[in-house]
Amino acid sequence: MASGLRAVLGVARRVIRDLGLVRATGVFARKAWRKLRHERPPNTVEANLEVWETHDWSRLGEEWTPSQEWKEAILNELLRPHIPAGSCVLEIGPGAGRWTEYLIPLASRLILVDITPACIALCRARFASESHIEYHVNDGRTLPFVSAASVDAIWSFDTFVHIEPRDIHSYVREFARVLRPGGVAVVHHARCGCHRRSWRSDMTAEQMVEFCNEAGLVVVRQQVSLAGGTISLCQLGIATKPDVVSVIQKPLRDESPALPT
């Protein structure tokens, strides 16, 4: 009787031990997958093209506007103060023209650039009556169709948050080339690495400063909130503040280092 009980208890211990190993293996696999997703977010040019080319743009991008107060804060604190009237403006990633409509009355020449042909086609149709807009599909890294020192201001919101750092690095080098001395770029991007709930790239605020310094540009400030700190740049139900807007300026004296081609 006692030996039989010991045998049953031995089997039970082995089952419990094996279940523990299974659970531990499952926990390890889940942690490894989360770590992999954190370190290698799917923010490649190819992944972005696939996502945004098939996106339903019927709401014109306003599905990412949490409130009218939030949008007015973006316009009043970021867009209008940095986009001079009568200037040449470059917008990267206009989507369906969510911010483009506010750039149109300010710009004497407006250059729209997107990796997604569907977005460029949508903007071309939506703003067909505007004769001062140019439309370009690019490679997600460079701006070969924009002449050197020809742009007064660059605007990009809700685009660079989904771009890999290596591609942002390439864009920053292009900023240094296309901006006129004194020109400004206002770029919304990820602040502290990727955020699993919002498909942010693993870009950081510090990397943007490094990229700009290397290109001879100056990060004037980096802003994470609006309206006296009451509105986060990213209000999508995320507890943290994973986004930042970098205001970047090209010095009046062009002292940018020679960049290798």
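Given the structure is predicted, the values throughout are model-derived calculations rather than measurements.

### A look at the nonpolar core
The tendency in soluble globular proteins is for nonpolar side chains to be buried side by side.
Okay, so step 1: One finds Ile74, Trp155 and Phe157 to be the most contacted residues of the largest nonpolar core, which totals 30 residues.
Okay, so step 2: Those elements giving two or more residues to this core turn out to be α3 (68-82), β2 (107-114), α5 (117-126), β3 (133-137), β4 (151-156), β5 (179-190) and β9 (243-249).
Okay, so step 3: Take this core: its biggest share by element is 6 residues, from α3.
Okay, so step 4: Those residues within four positions of Ile74 in sequence are excluded, and the remaining contacts are Leu79, Trp99, Trp155, Phe157, Leu226 and Leu233.
Okay, so step 5: The next biggest cluster of nonpolar side chains, apart from the first, holds 29 residues, and it includes Leu143, Val146, Val187 and Met208.

### Details of the sheet that holds strand β1 (residues 87-92)
Okay, so step 1: Pairing within the open sheet is mixed, and its 7 strands lie in the order β3-β2-β1-β4-β5-β9-β6. Across the chains shown, the open sheet's two edge strands, defined by having one partner strand only, are β3 and β6 (218-223). In this sheet, neighbouring strand axes are inclined to one another by 15° on average, regardless of whether the strands run parallel or antiparallel.
Okay, so step 2: Examined bridge by bridge, β4 and β5 share 5 bridges and lie parallel to one another.

### What about the pattern of salt bridges?
Okay, so step 1: Taken as a whole and judged by the stated rule, the model has 9 salt bridges.
Okay, so step 2: Between Glu62 and Lys71 there is a salt bridge, with its nearest N and O atoms 2.5 Å apart.
Okay, so step 3: Take Glu62: its relative accessible area is 26%, and that puts it in the partly exposed class.
Okay, so step 4: Taking relative accessible area as the criterion, Lys71 reaches 3% and is therefore assigned buried.
Okay, so step 5: Between Glu214 and Arg173 there is a salt bridge; the shortest N-O distance is 3.8 Å. A residue pair is termed long-range when its members are at least 10 positions apart, and Glu214 in helix α7 (residues 205-215) and Arg173 in helix α6 (residues 165-178) qualify at 41 residues.
Okay, so step 6: Arg173 sits in the partly exposed class, given a relative accessible area of 25%.

### A closer look at the pairing of β2
Okay, so step 1: β2 sits mainly inside the fold: 6 of its 8 residues count as buried.
Okay, so step 2: With 5 bridges joining them, β2 and β3 adopt parallel strand pairing. Looking across to β3, one finds that Asp114 is bridged to Val137.
Okay, so step 3: Crossover connection from β2 via α5 to parallel β3: handedness right-handed.

### Considering the confidence of the model for the chain
Okay, so step 1: In the predicted model, the chain carries a mean pLDDT of 83, and 76% of its residues have values of at least 70.
Okay, so step 2: Here residues 19-40 is a poorly scored stretch, pLDDT under 50, and it has 6 contacts once near neighbours within four places are set aside; other chains count.
Okay, so step 3: Here residues 256-261 scores under 50 on pLDDT; set against residues more than four positions off or in separate chains, the count is 10 contacts.

### Considerations on helix α2 (residues 45-53)
Okay, so step 1: The set of residues buried in α2 consists of Val45, Ala47, Asn48 and Trp52. Looking straight down α2, one finds its buried side chains confined to an arc of 160°; they lie on one side. Exposed and facing more than 90 degrees away from the buried side of α2 are Glu46 and Glu50.

Definitions and cut-offs
Residues numbered from 1 in each chain as written. Predicted model: local features only at pLDDT ≥ 70, side-chain atom pairs only at ≥ 80, totals over all residues. Heavy atoms only, no water. Core = buried A, V, L, I, M, F, W, Y, C linked by side-chain atoms within 4.5 Å. Buried < 20%, exposed > 50% of the residue type's maximum accessible area, 1.4 Å probe, protein only. Helix = DSSP H or I, 4+ residues; strand = E, 2+ residues; numbered from the N terminus. Contact = heavy atoms within 4.5 Å. Pairing = 2+ DSSP bridges. Axes fitted to C-alpha atoms, helices over the stretch in contact; angles between N-to-C directions. Salt bridge = Lys/Arg side-chain N within 4 Å of Asp/Glu carboxyl O. Right-handed = clockwise from strand over helix to strand, strands pointing away. pLDDT = per-residue confidence, 0-100. Arc of directions from axis to C-beta.

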